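An overview of the molecular structure
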Amino acid sequence: MLAAKKIREIGGNKIIDESLFALIAKDIHQQGYSIRPTALPEQLTETLFMHQQAMEADKFKNAGIGRGKEYLKNEFVRTDAISWITGESEAGKEWLEWTASFQRYLNRRLFLGLFSFESHFAHYSPGDYYKRHYDAFKGESNRILSLVVYFNSHWLATDGGELVLYKSDHDKEGIKVVPLMGTVVAFLSEEFPHEVLAANRDRYSIAGWFRVNTSVTDRVDPPR
């Protein structure tokens, strides 16, 4: 049974409530994905939301697909704008502390061998989308677990912009996730194709990926 308890972060006074981590881990163990509406801690949600709203437009760049030399901007696939989280801001630091605690919990409970985490703020302007895709292909990537959280108040059905999580390549219906404030979604990166439907209003989120270490002698991966 997955224990739910509180731990104190080393070097700080913040308390991390592991009960949410336990619920997500249980979901991943049983079905490979977790959808937890409005579950992100309220204080962290507010901090990240206010920071993203205060960010200047030039902090965001048009998103692309692929990594390194294979990176490509392709508006047929996606049209959102992103800003990578480095931990330089207080909000970014708090987010990375929370995800580091989550990573340690998952490694203890599910033995996933997660080594690092990368994430970015995402802004979908009205009409933006991200076509159906995988975050990782079997045997070709070190992304293991995808994580998404949302920062949108009073989101209506008519606003669109849902994440659609498909259970297989043959699934045509999928599970629609409304991007409500504080909702947390996690899923195995190689197992679930997904897409973001076009929204009718500005849509704000963070997308991130936990990775394993696949470094070899002449190449560090994931890069630091």
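Cut-offs applied
Position labels on residues start from 1 in each chain and follow its written sequence. Two thresholds apply to this predicted model, a pLDDT of at least 70 for residue-level local features and 80 or more for giving and counting side-chain atom pairs, whereas whole-chain, interface and lining totals are computed over all residues. Computation of side-chain values: all heavy atoms of the structure, hydrogens and water removed. Runs of H or I in DSSP of at least four residues are treated as helices and runs of E of at least two as strands, each being numbered from the N terminus. To estimate how far a helix should reach, multiply one less than its number of residues by 1.5 Å. Each residue's exposure class comes from its accessible area (1.4 Å probe, protein chains only) as a fraction of the maximum for that residue type: buried when under 20%, exposed when over 50%, partly exposed otherwise. Angular values range over 0 to 180 degrees, each being the angle between N-to-C directions of two axes fitted as lines to C-alpha atoms, with helices fitted over their stretch in contact. Any angle that is under 35 degrees is reported as roughly parallel, and any over 145 degrees as roughly antiparallel; angles of 65 to 115 degrees are reported as roughly perpendicular and all others as oblique. Crossing chirality is assigned from the near helix's rotation relative to the far helix, an anticlockwise turn below a right angle marking it left-handed and a clockwise turn marking it right-handed. Throughout, a residue-residue contact means that at least one pair of heavy atoms, one from each residue, lies within 4.5 Å. Amino acids are sorted into nonpolar (Ala, Val, Leu, Ile, Met, Phe, Trp, Tyr, Cys and Pro), charged (Asp, Glu, Lys and Arg) and polar (every other residue, Gly among them). A score between 0 and 100, pLDDT records how confident the predictor is in each residue. Two strands make a pair as long as DSSP finds a minimum of two bridges between them.

For the rest of this paragraph, the subject is helix α3 (residues 90–110). Residues spaced three or four apart along an α-helix face the same direction, because each turn holds 3.6 residues. The terminal C-alpha atoms of α3 lie 30 Å apart, and with 21 residues this matches the ideal 30 Å at 1.5 Å per residue to within 8%. Buried within α3 are the following residues: Ala-91, Gly-92, Glu-94, Trp-95, Trp-98, Thr-99, Ser-101, Phe-102, Gln-103, Tyr-105, Leu-106 and Leu-110. Phe-111 sits one or two residues past α3 and shows a positive phi near 55°.

With that settled, the discussion passes to the packing of helix α2 (residues 42–54) against α3. Packing of α2 against α3 brings their axes to within 9 Å, and their N-to-C directions diverge by 140°. Taken together, the axes of α2 and α3 lie oblique to each other. The handedness of the crossing between α2 and α3 comes out as left-handed. For the pair formed by α2 and α3, the contact residues are Leu-44, Thr-47, Leu-48 and His-51 on the first element and Ala-91, Glu-94, Trp-95 and Trp-98 on the second. Taken together, the residues that form the contact of α2 with α3 break down as 5 nonpolar, 2 polar and 1 charged.

Glancing now at the confidence of the model for the protein chain. In the predicted model, the protein chain carries a mean pLDDT of 86, and 80% of its residues have values of at least 70. Confidence drops under pLDDT 50 across residues 64–74; counting only partners more than four residues distant or on other chains, this segment forms 20 contacts. Segment residues 216–220 is flagged for pLDDT under 50; beyond a separation of four residues in sequence, or across chains, it makes 2 contacts in the model.

Moving on to the sheet that holds strand β4 (residues 61–62). The sheet built from 7 strands is open, its strands ordered β3-β11-β8-β13-β6-β5-β4 with antiparallel pairing. Each end of this open sheet is capped by a strand with a single partner; those strands are β3 (33–36) and β4. The pairing of β3 with strand β11 (residues 184–188) spans 4 bridges and is classified as antiparallel. The partner of Ile-35 across the bridge, within β11, is Val-185. Those strands touched by α2 are β6 (116–124) and β13 (203–211), and its axis lies near 55° from that of β6. Most of the contacts of α3 go to β6, to which it runs at about 130°, and overall it touches β6, β8 (143–150) and β13.

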